[in-house]
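# What the coordinates show
In case you want the letters, here they are:
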Amino acid sequence: MNSAHPQTQDLNHAPTALTALQDAPQDVLSIWASYPPAQANNAILMRFNGIADVCRIVADDFTLHGKDVQDWLVLPLHDARQKMTGLAYLSPDPDDRPTYYSDLPNDEGYHPQGGVVLNMQDIAHCHQPVYIVSDPKAGFMLARAGLAVVVSFTPDHWRGNHPTYAANLLYQAREWSEENHPVIVPVEFKDLRKYQEWLSDTDAVVVGVVGINGATMYEPEELADLIKAAVQATADTWPEPEPLTDPDHQAPYPVHALPADLQALVKEIQQYYQAPVPMIATCALSILSSAGQALADVDIDGTLSKPLSLFTLIVAESGERKSEIDKVLSKPLHEWERQQLEDRADEIKAARASHKVWESAKRGIEKRIETLVSKDQDYSQAADKLAELEANPPQPVLIPDLIMQDQTPEGMAKALKRYPSICLLSSEAAVVLGGHGMGKDSASRNQGMMNDLWSGQPIKITRAMAESFSLHGRRLSAGLAVQQSVLSAFAKDGAARGIGFFARFLITQPDSTKGTRFYKAPSEWRHLNAWRDRIHALLNTPLQIDSDGALQPELLQLAPDAKQLWIDGYNAIERELGQFGEFADVGDVASKSADNAARIAGLLHLYQHGLVGRVTAEEMRCGLALALWHLNESKRYFTKAKTDEKTVLADRLEQWLVTYCAEQKTDHVPRAYVLQHCPIRALRKAAALDEMIKTLGSTRCRLDNRNGKQALLINPAILKTAKGC
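Residues numbered from 1 in each chain as written. Predicted model: local features only at pLDDT ≥ 70, side-chain atom pairs only at ≥ 80, totals over all residues. Heavy atoms only, no water.

### Considerations on the overall build of the protein
Across its full length, the protein holds 25 helices and 24 strands. With 725 residues in all, the protein has 49% of them scored as buried. In the protein, 68% of the contacts between residues at least 6 apart in sequence involve partners at least 24 apart. Counting only carbon and sulfur atoms, one obtains 50% of the accessible surface of the protein, whose full area is about 35,100 Å². (Helix = DSSP H or I, 4+ residues; strand = E, 2+ residues; numbered from the N terminus. Buried < 20%, exposed > 50% of the residue type's maximum accessible area, 1.4 Å probe, protein only. Contact = heavy atoms within 4.5 Å. Areas by Shrake-Rupley, 256 points an atom, 1.4 Å probe, with all protein chains shown as cover.)

What follows is the structure in structure tokens.
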């Protein structure tokens, strides 16, 4: 694009112009300079009560983003460094939304990083307050009153919706704050709380003024005075200090999503042991997975199938009765394993003897070959015998080795050679998470192997000084419980979450029931006995196994309406994985949530109907409900864990600030002093300190100007409490 005004071009069909614009943003200046100034009697200018020397007019034919913008009013957009970044075009039709031309590629008619800067000369100096509004009328009126104003230019039809749609306003608040300008955002009083929450991670002061978006009921000076008074009132008035962390509430467990007999089982166990319901139900799902994972996979769409293996993780302190719940629910597994070993003792003994004979014969031939080679004699006949022997090993006997409690992943792999389906059950998962197999050197490799087993993928164990082997058609489920401190230490470096280890777990941190568990007489255990019988029936179902000892599980098909429910659930979760989505912070977990929903639905079907029939819509609805509850639990847990770490530092910072104020008999600490002398060295960097001030929250500490310099102002109520008053 040259400096000539491209008024006859459609910029949507001018790739050379757009390319030049991206490489040379100054072309925005040349386009702006080509427009004549707006006349004071211009209808659009009068509608906005605008200032003529700020606005210009498109005088000739000009198509922009498919719109004919001739005679439209044009406003210049600047960033917080006062660089012109784009132009905003306002239509004569008040119902038309503005359109934009910017130095950004693919802006699609909306410029998200520029504002209309009014009274620019007043913003030249840092620490000059900047008033950011989204309504042009309010902006022009405040500019007439002599205030430095930035119009974020939120499209009119967005006003009244959730403020996150007005992304430019948030961007402006952050950018001008970073340029060391105090930022004031006046909004409609009815929207005050909404915008305060939305802008809480910025330094902006949000104040409520009735009629700010219309700005027709005030004179410019009157409106400016109202905003200044609201700002002063906000500065002088401290609310009650809020706690550093929000109350940590757990949503009720969706017991209704379990089949009726499992609901009754959970209730029966809870009434006697009085442990948290989520703990009992999660344990039950883990045991059900252990019993059923070898029998079937769930088929989503004919191409995508999932094992029925579940990984569950219960975060609970000692004394929450996790061991007792695990013991009573897993009893059928132990009984079955013990009975199998007793019933097949002779078969297993004979198989082991046969294998020993075979190994002895093999070693004898190998020694014979070594002797012949050393004497330089013919060893071909011995080699043939060795090849024949290796080609006909004794058929392996599957030795039920179902339950592992404290094994490393390598130990699990060896167990899977003996039996193709195992479960890792541990109420003291520190042995697993913190043991040798999870040391720093091998953690990522071992966690990756567990990830593969969860997914039903083949695994390979390679050892330099021992037997190497690979396995396919194996299944692993895991039901772990761990104390918060152990899990925090294990996950501290983020590696486990980085490779998706925690993403596969159904996590819960139940609210404690300690202090309320007064003795109750046991029940008849009718539902627990029914549970035992059903788990035994699943375990006694013959496994489909090939010649390599690999499982050949049945495929549980989804009924058409169940498949549609799964697709809808999958898409609903996926929509919330974006930057501002509900599950943006736990995208790793959320990406596996629909997978877990299908597994749970398959297990519920298997429990009720065995391998007969298809997974129903009701079973899928239950699977989705349970998986979504655990997804929200993961979000709660990981958010809390992240918050807790920051809260500890914030609390230490506040204690130091309060001590300083007490010693100096003041209510504030100069920001520069904090950056130089804070005992927490990590907070001697501006960005880290500012982040920690946000963690403290504006009801406890806020940045303020004292004698022309920034200072941390402490809520008087906190200072008063610290003095013991």
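### Points about the packing of helix 9 (residues 277-292) against helix 10 (residues 322-343)
Relative to each other, helix 9 and helix 10 sit at 30°, their axes nearing to 10 Å. Overall, the two elements helix 9 and helix 10 adopt an arrangement that is roughly parallel. The two elements helix 9 and helix 10 meet at a crossing, and its hand is right-handed. Counted together, Met279, Ile280, Cys283, Ala284, Ile287, Ser290 and Ala291 of helix 9 and Lys322, Ile325, Asp326, Leu329, Ser330 and Leu333 of helix 10 form the full contact between these two elements. (Axes fitted to C-alpha atoms, helices over the stretch in contact; angles between N-to-C directions. Parallel < 35°, antiparallel > 145°, perpendicular 65-115°, else oblique. Left-handed = near helix turned anticlockwise from the far one by under 90°.)

### Observations regarding the packing of helix 8 (residues 260-273) against helix 10
Contact geometry of helix 8 with helix 10 gives a least axis separation of 12 Å together with a crossing angle of 140°. One way to sum up the angle between helix 8 and helix 10 is to call them oblique. Helix 8 and helix 10 meet at a crossing whose hand is right-handed. Contacts from Leu265, Ile269 and Tyr273 in helix 8 reach Glu324, Ile325, Val328 and Leu329 in helix 10. Residue composition of the contact of helix 8 with helix 10, grouped by class: 6 nonpolar, no polar and 1 charged. (Nonpolar A, V, L, I, M, F, W, Y, C, P; charged D, E, K, R; others polar.)

### As for the nonpolar core
Judged by nonpolar contacts, the single largest core of 65 residues is most densely connected at Ile269, Ile325, Leu329, Leu333, Leu528, Trp531 and Ile600. Sequence-distant contacts of Leu329, that is, excluding residues within four places in its chain, are made with Leu265, Ile269, Ile280, Cys283, Ala284, Ile287, Leu528 and Trp531. (Core = buried A, V, L, I, M, F, W, Y, C linked by side-chain atoms within 4.5 Å.)

### Overview of the pattern of salt bridges
Under the definition given, this model contains 14 salt bridges. A salt bridge links Asp401 to Arg418; its shortest N-O distance comes to 2.4 Å. In this pair, Asp401 is assigned in the loop between helix 12 (380-391) and strand 15 (403-404) and Arg418 in helix 13 (residues 409-418), connecting sequence segments 17 residues apart. Residue class for Asp401 comes out buried when judged on its relative accessible area of 18%. Under the relative-accessibility criterion, Arg418 is labelled partly exposed at 34%. Residue Arg532 pairs with Asp533 through a salt bridge whose shortest N-O separation is 3.4 Å. Taking the relative accessible area as the measure of exposure, Arg532 reaches 35% and is therefore partly exposed. On the basis of relative accessibility, which here comes to 45%, the residue Asp533 falls in the partly exposed class. Taken together, the salt bridges that share partners define one network made up of Arg81, Glu175 and Glu179. (Salt bridge = Lys/Arg side-chain N within 4 Å of Asp/Glu carboxyl O.)

### Overview of the sheet that holds strand 21 (residues 554-557)
In space, the 3 strands of this open sheet follow the order 13-12-21, with mixed pairing throughout. Looking at which strands have only one partner, the edges of the open sheet turn out to be strand 13 (305-307) and strand 21. Each strand of the sheet is rotated relative to its neighbour by a mean of 35°, with strand direction disregarded. Pairing analysis gives 3 bridges linking strand 12 (residues 296-299) to strand 13, with the strands arranged antiparallel. Bridge pairing in strand 13 places Asp299 opposite Ser305. (Pairing = 2+ DSSP bridges.)

### Description of the side chain of Lys322
Relative to the helices and strands, Lys322 is located in helix 10. The exposure class assigned to Lys322 is buried, which follows from its relative accessible area of 8%. Discounting chain neighbours no more than four positions away, the residues touching Lys322 are Met279, Cys283, Ile314, Ser427 and Ala481.

### What about the packing of aromatic side chains?
Going through the model one piece at a time under the given rule, you end up with 13 aromatic pairs. Considering the side-chain rings of Phe62 and Tyr89, the 6.1 Å spacing of their centres and the 65° angle between planes classify their relative orientation as edge-to-face. With Phe62 in the loop between strand 1 (56-57) and strand 2 (63-64) and Tyr89 in strand 5 (residues 84-90), the pair connects residues that are 27 residues apart, well separated along the chain. The pair Phe62 / Tyr89 is uniform in exposure class, with both members buried. Between Tyr273 and Trp525, the ring centres sit 6.2 Å apart and the planes meet at 35°, which makes this aromatic pair tilted. (Phe/Tyr/Trp six-rings, centres within 6.5 Å; stacked < 30°, edge-to-face > 60°.)

### A closer look at the environment of Val116
You can see Val116 is positioned in strand 7 (residues 116-118). Between the C-alpha atoms of Val116 and Gly86, which are 30 residues apart in sequence, the distance is 9.7 Å. Setting aside residues no more than four positions away along its own chain, Val116 makes contact with Leu75, Pro76, Leu77, Val149, Val150, Val151 and Phe153.

### Focus: the sheet that holds strand 19 (residues 475-482)
Across the sheet, 5 strands lie side by side as 15-16-19-14-20; this open sheet has parallel pairing. Looking at strand neighbours, the two that pair on one side only are strand 15 and strand 20 (505-508), the edges of this open sheet. As defined by bridge partners, strand 14 (residues 311-315) adjoins strand 20 across 4 bridges and the pair is classed as parallel. Residue pairing in the sheet places Phe311 in a bridge with Phe505 of strand 20. Where helix 10 meets the sheet, its contacts fall on strand 14, strand 15, strand 16 (421-426) and strand 19, and the angle it forms with strand 16 comes to roughly 155°.

### Here's the deal with the confidence of the model for the protein
On average, residues of the protein carry a pLDDT of 81, and 83% of them reach 70 or more. Segment residues 1-25 is flagged for pLDDT under 50; beyond a separation of four residues in sequence, or across chains, it makes 47 contacts in the model. Predicted confidence is poor over residues 156-160, with pLDDT under 50, and the contacts of this stretch with residues over four places away or in other chains come to 9 contacts. (pLDDT = per-residue confidence, 0-100.)

### As for the side chain of Gln172
With respect to the helices, strands and loops of the structure, Gln172 is situated in helix 5 (residues 167-178). For Gln172, a relative accessible area of 1% corresponds to the buried category. For Gln172, the side chain forms a polar contact with the side chain of Trp176, separated by 2.9 Å. (Polar contact = N/O pair within 3.5 Å; in protein donor to acceptor, adjacent residues only side chain to side chain.)

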